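Spelled out, the chains give:
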Amino acid sequence: MKTTQELLLERKTRVNKAIALEKTDRTPLILMMDAFCAKHVGVKMADFCKNLKASNAVMLESAKRLGDFTGINAAFGAGTLFPIMFCAKAKLPGRELPDDALWQLDEREVMTIDDYDTIINKGWEPFLQDYLVNRLSYPLDEAMKELTEVPQLVKNFEDAGYLVYSPVVAITVNEYLSGGRSMPKFMRDLFKMPDKVEAVLDVIQEENNESLRQQIRATKASVVFLSPARGASEFFSPKLWERFVWKYLKGSIEVIIEEGAAADIHIDSNWGRDLEFFRSLPKGKCVFETDSSTDIYKVKEVLGGHMCIKGDVPAQKLALGTPDEVYDYCTRLIKDMGTGFILSSGCSIPPNAKVENVKAMIAAVTGNM
Amino acid sequence: MSKIDIAKAVNDLDEDLVIDGVKAQITEGVPAIEILAQLQEGMEGVGKLYEAGDYYLSELIMSAEVFSNAANLLGSALADSGNDKKIGTVILGTVKDDIHDIGKNIVSTILSCNGFKVVDVGVDVPIETFLAEIEKSKPQVVGLFCLLTTAFDAMKDTVAAIKASGASATVLVGGGPVDESVARWCAADGYCKNAYDAVEMSKKAV
């Protein structure tokens, strides 16, 4: 019987090898789950969202009930932190939503075109703090205080032998404006005032990357989750994508790698058109984390042997499929993706995923169906 | 007659040129309904470019902005010219327990630009609201959206209730996690992958 520390080391080694494109003892399985854990354990969403500590306890309990898997994406549920990441209000269970509802981003135009000038003239951080507190009525001080507990929340998982895969979470700068302006308004801005938008993004990027460096140094994170989610190729024409998404995504990835961590690029929606761009990133230093919208076989064809691939059991399969269907899907992926693959759900495991289906993912890597 | 090709300018997303062209034709006394037809021809071109993979969501959104700003210039002249003819009526809404609206709003705009009357019943919409609006508006198409898999049940229940009500409308579904398999599970009449799917499937339904 291995100790939890031996298990943790074994699991860290497994993930690090997969990212470095080396052979592993078995395919790593990282579960990206938060709200699912509340349903699994039988805790109301309102209680899950009470604070980070509460969500951490529920997620740890859920992990222990699920058993032998490599690790979990994050140590806590991030629903209450959505406004910081997306510059938009979040509706929370027990507050604006029923007690057992899932938190949701309430995206509308709060940030204005005039705010672009403020950001250029005064900088991003001062603007963001004022925006969150006075425009979104977000309890920033409280959130910052809670975030100081994160190292302990990570340790809680590690003490149980589970790897917390990406303790540092960052988003690409286009996400701030896309959330704050609303996605349609942001897209219109790209046509009507492209130079100004680029100037704003440059300001945010410089500050963001410096903050990212400090976080990686402070946490000694070996993997950083980086989300450019709404920057998908399927949303933008090539010229816009290269100028307003790829430029900033690549810049942040380079900072992460310079700091000695691997970049886990959270690829929601379809990026099939632009996979070749990712070949310009250093080999064995990044993870292409896909949600099944981009054809994972095409990802393998273009990026296999260059970049670790993570994914992509579809949310709808976890919610509506059978354990056999999930097991077959996972075992096929494991066989076809080969070395440099981490099995995971496509984005988060949905709260209405069947527990048996999540267990089928575990069975696919352990062989115990 | 103005020399500006409005349809081509819409196609090229050249908003200033479109506005100049519309203003010039209004001054020349061209009937509003004819100007609108040119704008719609431009939007059809945008749709073709989108289907061909030359335009993306970003261009769709910009084209809707151009169309909307230009159509606003026609204002009351359009109503006076008797332009109340629509291809058909579509009710759109995000189902109960889901408040996301970006996809729905884009589909709404594109359908409107393509000549449909759109009745948008909003987000987090209970079944009763859909049924009441169907009774009132007698649509040919009802489009249901969700972004959360937790709203799948609500989507399925809404489809079932619409079918049980005896309404003849074609029920289409779409949204982030929705695919063919979810549409079948919901017993919907069809699945729309994007806004132009919605236009084409709605045209077939009227």
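Residues numbered from 1 in each chain as written. Chains lettered and ligands numbered in written order. Predicted model: local features only at pLDDT ≥ 70, side-chain atom pairs only at ≥ 80, totals over all residues. Heavy atoms only, no water.

> Would you mind going over the overall build of chain B with me for this structure?
Of the regular secondary structure elements, chain B holds nine helices and five strands. Taken over the C-alpha trace, chain B has a radius of gyration of 18 Å; the compact-globule value for 206 residues is 17 Å, and the two agree within 12%. Projecting the C-alpha coordinates of chain B onto the three principal axes gives extents of approximately 55 × 35 × 25 Å. By the burial criterion, 51% of the 206 residues in chain B qualify as buried. Of the contacts formed within chain B by residues at least 6 apart in sequence, a portion of 71% connects residues at least 24 apart. Of the roughly 9,000 Å² that chain B leaves accessible, carbon and sulfur atoms contribute 50%. Of note, chain B has its 17 positive side-chain charges centred 5 Å away from the centre of its 31 negative side-chain charges. (Helix = DSSP H or I, 4+ residues; strand = E, 2+ residues; numbered from the N terminus. Rg over C-alpha atoms; globule rule 2.2 N^0.38 Å. Buried < 20%, exposed > 50% of the residue type's maximum accessible area, 1.4 Å probe, protein only. Contact = heavy atoms within 4.5 Å. Areas by Shrake-Rupley, 256 points an atom, 1.4 Å probe, with all protein chains shown as cover. Lys, Arg positive; Asp, Glu negative; His and termini not counted. Charge placed at Lys NZ, Arg CZ, Asp CG, Glu CD.)

> Looking at this model, I keep getting lost on the overall build of chain A. Mind explaining?
A count of helices and strands for chain A gives 17 helices and eleven strands. For chain A, the C-alpha radius of gyration of 20 Å lies close to 21 Å, the compact-globule estimate for 369 residues. Considering only C-alpha atoms, chain A reaches an extent of 60 × 45 × 40 Å along its principal axes. Looking at chain A as a whole, 59% of its 369 residues qualify as buried. Across chain A, the fraction of contacts at a sequence separation of at least 24, relative to all contacts at a separation of at least 6, is 73%. As displayed, chain A offers around 14,600 Å² of accessible surface, 50% of which is attributable to carbon and sulfur atoms. Side chains of chain A carry 46 positive and 52 negative charges; the gap between the two charge centres is 2 Å.

> Looking at this structure, I do not really get the pattern of salt bridges. What am I missing?
Here the idea is simple: oppositely charged side chains can pair when their charged atoms come close. All names here are of chain A. Going through the model one piece at a time under the given rule, you end up with 37 salt bridges over all chains. Here Asp-336 makes a salt bridge to Lys-335, at a shortest N to O gap of 3.8 Å. For Asp-336, a relative accessible area of 28% puts it in the partly exposed group. Salt bridges sharing partners connect three or more residues here, namely Asp-195, Glu-198, Asp-202, Arg-243 and Lys-247. (Salt bridge = Lys/Arg side-chain N within 4 Å of Asp/Glu carboxyl O.)

> Is there a simple way to think about the sheet that holds strand 2 (residues 71-72) of chain A in this case?
Adjacent strands of a sheet pair through backbone hydrogen bonds, lying either parallel or antiparallel. Residue and element names in this part refer to chain A. If you walk across this open sheet you meet the three strands as 1-2-5, and the pairing is parallel. Looking at which strands have only one partner, the edges of the open sheet turn out to be strand 1 (30-31) and strand 5 (163-164). Of the pairings in the sheet, the one linking strand 1 to strand 2 comprises two bridges and is parallel in character. Looking across to strand 2, one finds that Ile-30 is bridged to Gly-71. (Pairing = 2+ DSSP bridges.)

> Before we go on, may I ask you to explain the pairing of strand 10 (residues 308-313) of chain A in this structure?
Each regular strand shows side chains that alternate between the opposite faces of the sheet. Residues and elements named next belong to chain A. By the criterion of burial, strand 10 is predominantly enclosed, with six of the six residues buried. With three bridges joining them, strand 9 (residues 286-290) and strand 10 adopt parallel strand pairing. Bridged to Phe-288 within strand 10 is Ile-309. In the classification by handedness, the crossover that spans strand 9, the intervening helix 14 (residues 296-303) and the parallel strand 10 is right-handed. (Right-handed = clockwise from strand over helix to strand, strands pointing away.)

> Is there a simple way to think about the interface of chain B and chain A in this case?
By a frequent convention, interface size equals the accessible area lost on bringing the separate parts together. Each side of the interface is counted separately: chain B has 24 residues, and chain A has 27 residues. Interface area, chain B with chain A, both sides summed: about 2,200 Å², of which 67% is carbon and sulfur. On the chain B side of the interface with chain A, the three residues burying the most area are B:Tyr56, B:Ile99 and B:Ile102, jointly 26% of the side's total. Joining chain B to chain A, the criterion identifies three salt bridges. For A:Arg188, the salt bridge is made with B:Glu65, and the minimal N-O distance between the two is 2.4 Å. (Buried area = accessible area lost by both parts, 1.4 Å probe.)

> Just checking my understanding: could you explain unusual backbone geometry for this structure?
Glycine aside, residues mostly have negative phi angles, and peptide bonds mostly take the trans form. Residues and elements named next belong to chain A. Put simply, Gly-311 and Asp-312 share a cis peptide bond, and its omega is -20°. If you trace the backbone, Asp-312 turns up in strand 10. One non-glycine residue, Cys-87, lies in positive phi territory at about 55°. Relative to the elements of secondary structure, Cys-87 occurs in the loop between helix 5 (82-86) and strand 3 (89-91).

> Just checking my understanding: could you explain the nonpolar core for this structure?
Nonpolar side chains in soluble globular proteins generally cluster together in the buried interior. By size, the foremost hydrophobic cluster in this structure holds 163 residues, and its most contacted members are A:Met33, A:Trp124, A:Phe278 and B:Leu39. In terms of residue count, helix 13 (residues 238-258) of chain A provides more of this core than any other element does, eleven residues in total. Not counting the four nearest positions on each side in its chain, A:Met33 is found in contact with A:Met59, A:Ser62, A:Ala63, A:Leu66, A:Phe69, A:Ile72 and A:Ile349. Membership of the second largest hydrophobic core comes to 25 residues, among which are B:Val121, B:Val142, B:Ala151 and B:Tyr191. (Core = buried A, V, L, I, M, F, W, Y, C linked by side-chain atoms within 4.5 Å.)

> Quick question: what am I supposed to make of the side chain of A:Asn56 here?
Its location among the elements puts A:Asn56 in helix 4 (residues 52-66). In this structure A:Asn56 touches A:Ala75, A:Leu153, A:Asn156 and A:Phe157, once residues within four positions along its chain are discounted.

> Please clarify how the packing of aromatic side chains should be interpreted in this entry.
Working definition: an aromatic ring pair is given by the centre-to-centre distance plus the angle between the planes. Under the definition given, this model contains 15 aromatic pairs over all chains. Positioned above the aromatic ring of B:Tyr56, the side-chain terminus of A:Arg273 is 4.6 Å from the ring centre. The ring of B:Trp185 has B:Lys156 lying over it, and the distance from NZ or CZ to the ring centre is 4.3 Å. (Phe/Tyr/Trp six-rings, centres within 6.5 Å; stacked < 30°, edge-to-face > 60°. Lys NZ or Arg CZ within 6 Å of the ring centre and 35° of its normal.)

> When you look at the sheet that holds strand 9 of chain A in this model, what are you seeing that I'm missing?
All names here are of chain A. Taken in spatial order, the six strands of this open sheet run 6-7-8-9-10-11, and their pairing is parallel. Both edges of this open sheet fall to strand 6 (168-171) and strand 11 (341-345), since each of them pairs with a single strand only. Each adjacent strand pair in this sheet contributes to an overall mean axis angle of 25°, direction not counted. (Axes fitted to C-alpha atoms, helices over the stretch in contact; angles between N-to-C directions.)

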